[in-house]
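Single-letter residue listing:
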Amino acid sequence: MPPDTICKTVHQYSSSPIPEEDMRKLLEIADDYAKVKNYVYIRYGGIGSLSKLYPGYTIQNEMTASGMRETLKLPSVYFYLAVFDALGDIKSQWTKAKSKVQRLVSENENFTQEEKHYLWFLLRVNNAFEAVLEHRAMMLPKDIQRQHDELAGKVDFPRLQRYLCRQVRRNHTKCGKQSPEGLMDTKVQGGFAIAERAYRYADHGIYISTKERRKRVFVPLTDNNQYKSQLYIKLYPEENRIEIKAPVNVAVRQHEDYCNEVGIALGMFTLVTTDGGREYGTELGRRQIEYADWIREQTKSYNRNREANAGRKKYTAKKKRLEEQLHSYINHELNRFLIEERPRVIYITKTPKPQGGGINRKINNSVNLWQRGYIRSRIGQKCKEQSVKIIEVLGKDISRECSRCGAIGNKKEGIFSCVSCGYAVKEKENTARNVLKRGREGKVIKQAASGVKRS
């Protein structure tokens, strides 16, 4: 059964310019918040602290004993949120590193199946993974230790453990952007998380606790919505405004008339093409090229006058407006796609990565600014909200295969033509038909109740 509710992020905005003194107090919290996070990144982001990450209370106690909170005079409601915010980032980086190494193991043709199983075991069992990286004896529960010994007896496990250590060192990236002094570049951060007891909604705005005891900053808001959860305060000091991000649970909608199976192909110039040949977001390419052209021209102008250029306030503001307009168009077209197609199931391939290295630098620049990540996340979110199932299919040669006879064909100027049966159709429509065909045949990567999931 699909969940009754899902979590989404809603935004609130300040309705009038924030006084400089109040903005200074908020920036002081954001700076200290970033310093705490950076300290946690440096001290606990390495291999030696792996065993302390779960559940994280050891690190919390050590941070309490460090005296950093007293030195910064940062209220505990911000200090400990910064600590666990940083720990979440560190855990995420370790998860990414494990996934990358697991993929490398799977693709390594020099390993036998037994060797792969042993490496997968080490990546899956945290205690074993930590012991290998820290070069210490494993202390595993009896049944798991027995499983390890059985796998290790079939392979040269010292060699495989050395391989695992090398790959982790190569693929694990520590969190945090550091300045030459070793501290986080706090200007990059520009915000902080805030717990419910550190703010209060009233008077058509929000009161936010500061570092001064019993002193709060009042920020008038554009709406009267009130939330009771952990918020994130994003600061825009150059514009004297803030943005509030609040997680809320929204009801999942059920549609009895959403009963179709639809195969889709995503593109940079046309947002969505269905297996029936219908297109949504046909202006996406034009809008993205205009956006990329503006970025390129502004960059050239800035580089020519770098010494005389005092700042990029207008550039940043207009860039944000253009991105918001582009995102609004993407959301509008995705909504239209769901309403008109009424899908019960959507079959999709993994979004292709931008291809570089072409002869046209202008096109390369546009491709690099393709909103592929945003498009993918919005499809997943909207399908969750509408109880639409997403199934990702195997994508190898899917755009080169004829959807009518299965032979390999040619693509030229957006048209697919089959040399075997003579079938000719738009390239994206052919791809979408193959997506639907593979989905129905069960050639899928991983199936999920809603949203996009990958194995």
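The numbers attached to residues start from 1 for each chain and follow its sequence in the written order. Reporting of local features is limited, given that this is a predicted model, to residues whose pLDDT is at least 70; pairs of side-chain atoms are given and counted only at 80 or more, and all residues count toward the totals for whole chains, interfaces and linings. With hydrogens and water stripped out, all remaining heavy atoms of the structure feed into the side-chain values.

Participant: Tell me about the overall build of the protein, residues and numbers included.
Facilitator: Where helices and strands are cited, they refer to DSSP runs of H or I of at least four residues and of E of at least two residues respectively, numbered from the N terminus. Helix and strand content of the protein: 14 helices and 16 strands. Here the term buried applies to any residue with accessible area under 20% of the maximum for its type, exposed to any over 50%, and partly exposed to those in between, with areas from a 1.4 Å probe on protein chains only. With 455 residues in all, the protein has 44% of them scored as buried. The long-range share in the protein, meaning contacts at least 24 apart out of those at least 6 apart in sequence, stands at 69%. Should any heavy atoms of two residues lie within 4.5 Å, those residues are counted as being in contact.

Participant: Describe in detail a positive patch on the surface, supporting the description with residues and values.
Facilitator: Residues qualify for a patch when their relative accessible area is over 30% and they have no salt bridge, like charges being joined within 9 Å and the nonpolar side chains of Val, Leu, Ile, Met, Phe, Trp and Tyr within 5 Å. Here the Shrake-Rupley method, with its probe set to 1.4 Å, supplies the accessible areas, and only the displayed protein chains count as covering residues. The rule for a salt bridge is simple: a side-chain nitrogen of Lys or Arg has to be within 4 Å of a carboxyl oxygen of Asp or Glu. As used throughout, the charge tally considers Lys and Arg to be positive and Asp and Glu to be negative, leaving His and the chain termini uncounted. A single reference atom marks each charge: NZ on Lys, CZ on Arg, CG on Asp, CD on Glu. On the surface, Arg162, Arg166, Arg169 and Arg170 cluster together into a positively charged patch. For Arg170, the position within the fold is in helix 8 (residues 157-171). Given a relative accessible area of 60%, Arg170 falls into the exposed group.

Participant: Outline the pattern of salt bridges, listing residues and values.
Facilitator: Under the counting rule described, the total for this entry stands at 34 salt bridges. The partner of Arg136 in a salt bridge is Glu130, with the nearest N and O atoms 3.9 Å apart. Taking relative accessible area as the criterion, Arg136 reaches 37% and is therefore assigned partly exposed. Given the relative accessible area of 8%, Glu130 is considered buried. Taking the shortest distance from any N to any O, the salt bridge between Glu392 and Arg376 comes out at 2.5 Å. Taken together, the residues span a long stretch of sequence, with Glu392 in strand 12 (residues 389-393) and Arg376 in helix 13 (residues 372-385) at a distance of 16 residues. Among the residues examined, Arg376 registers a relative accessible area of 7% and is labelled buried. Each of Glu21, Arg24, Glu28, Asp32 and Lys211 takes part in salt bridges that share partners, so that together they form one network.

Participant: Would you mind going over the pairing of strand 8 (residues 260-266) in detail, with residue names and values included?
Facilitator: Counting buried positions along strand 8 yields five of seven residues, so the element is predominantly enclosed. When DSSP finds two or more bridges between a pair of strands, those strands are recorded as paired. Here four bridges tie strand 8 to strand 11 (residues 343-348), and the two strands are oriented parallel to one another. By the bridge assignment, Glu261 is partnered in strand 11 with Val345. As judged from the three bridges shared by strand 8 and strand 9 (residues 272-274), these two strands associate in the antiparallel manner.

Participant: I'd love a proper account of the sheet that holds strand 4 (residues 205-209), names of residues and values included.
Facilitator: Ordered in space as 3-4-5, the three strands form an open sheet in which the pairing is antiparallel. A strand with exactly one partner marks an edge of an open sheet, and here the two such strands are strand 3 (199-202) and strand 5 (216-220). Here the strands of the sheet are splayed against their neighbours by 20 degrees on average, with no regard to which way each runs. In terms of strand pairing, strand 4 meets strand 5 through five bridges, oriented antiparallel. Of the residues in strand 5, the one forming a bridge with Gly205 is Pro220. Here, axes are lines fitted to C-alpha atoms. For helices the fit covers the stretch in contact, and angles between N-to-C directions go from 0 to 180 degrees. This element, helix 1 (residues 20-44), spans strand 4 and strand 5 of the sheet and lies at about 115 degrees to strand 5.

Participant: Give a description of the confidence of the model for the protein that names residues and reports values.
Facilitator: Segments scoring low in pLDDT should not have their predicted coordinates read at a detailed level. pLDDT measures how confident the predictor is about each residue, on a scale from 0 to 100. Residues with a pLDDT of 70 or more make up 87% of the protein, whose mean pLDDT is 87. In the model of the protein, helix 9 (residues 186-189) stands out as the element of lowest mean pLDDT, 44, in contrast to strand 4, which has the highest, 97. Counted against residues more than four places away or in other chains, residues 447-455, with its pLDDT under 50, gives 27 contacts.

Participant: How would you explain the environment of Arg278 if you had to name every residue and give the values?
Facilitator: One can find Arg278 in the loop between strand 9 and strand 10 (279-280). Residues Arg278 and Glu429, 151 residues apart in the sequence, show an inter-C-alpha distance of 8.2 Å. Among all residues touching Arg278, those that are not within four sequence positions of it are Val272, Thr273 and Glu341. Reaching out from Arg278, the side chain makes a polar contact with the side chain of Glu341 at a distance of 2.6 Å. In protein, a polar contact requires one atom able to donate a hydrogen and another able to accept it; more generally it is a pair of N or O atoms within 3.5 Å, and residues adjacent in sequence count only if both atoms are side-chain atoms.

Participant: How would you summarise the packing of helix 5 (residues 113-124) against helix 8 if you had to cite specific residues and measurements?
Facilitator: The geometry of helix 5 relative to helix 8 is characterised by a closest axis approach of 10 Å and an angle of 55 degrees between their N-to-C directions. In terms of axis orientation, helix 5 runs oblique to helix 8. Judged by the twist between their axes, the crossing of helix 5 over helix 8 is right-handed. Residues Glu115, Tyr118, Leu119, Leu122 and Leu123 of helix 5 form the contact with helix 8, whose own contacting residues are Phe157, Arg159, Leu160, Gln161, Tyr163 and Leu164. Asp, Glu, Lys and Arg are counted as charged, while Ala, Val, Leu, Ile, Met, Phe, Trp, Tyr, Cys and Pro are counted as nonpolar; the rest, among them Gly, fall into the polar class. Counted by class, the contact of helix 5 with helix 8 contains eight nonpolar, one polar and two charged residues. Throughout this description, any angle smaller than 35 degrees is read as roughly parallel, any larger than 145 degrees as roughly antiparallel, any in the 65 to 115 degree range as roughly perpendicular, and the remainder as oblique. If you view the pair so one helix is near and one far, a crossing is left-handed when the near helix is turned anticlockwise from the far one by less than a right angle, and right-handed when it is turned clockwise.

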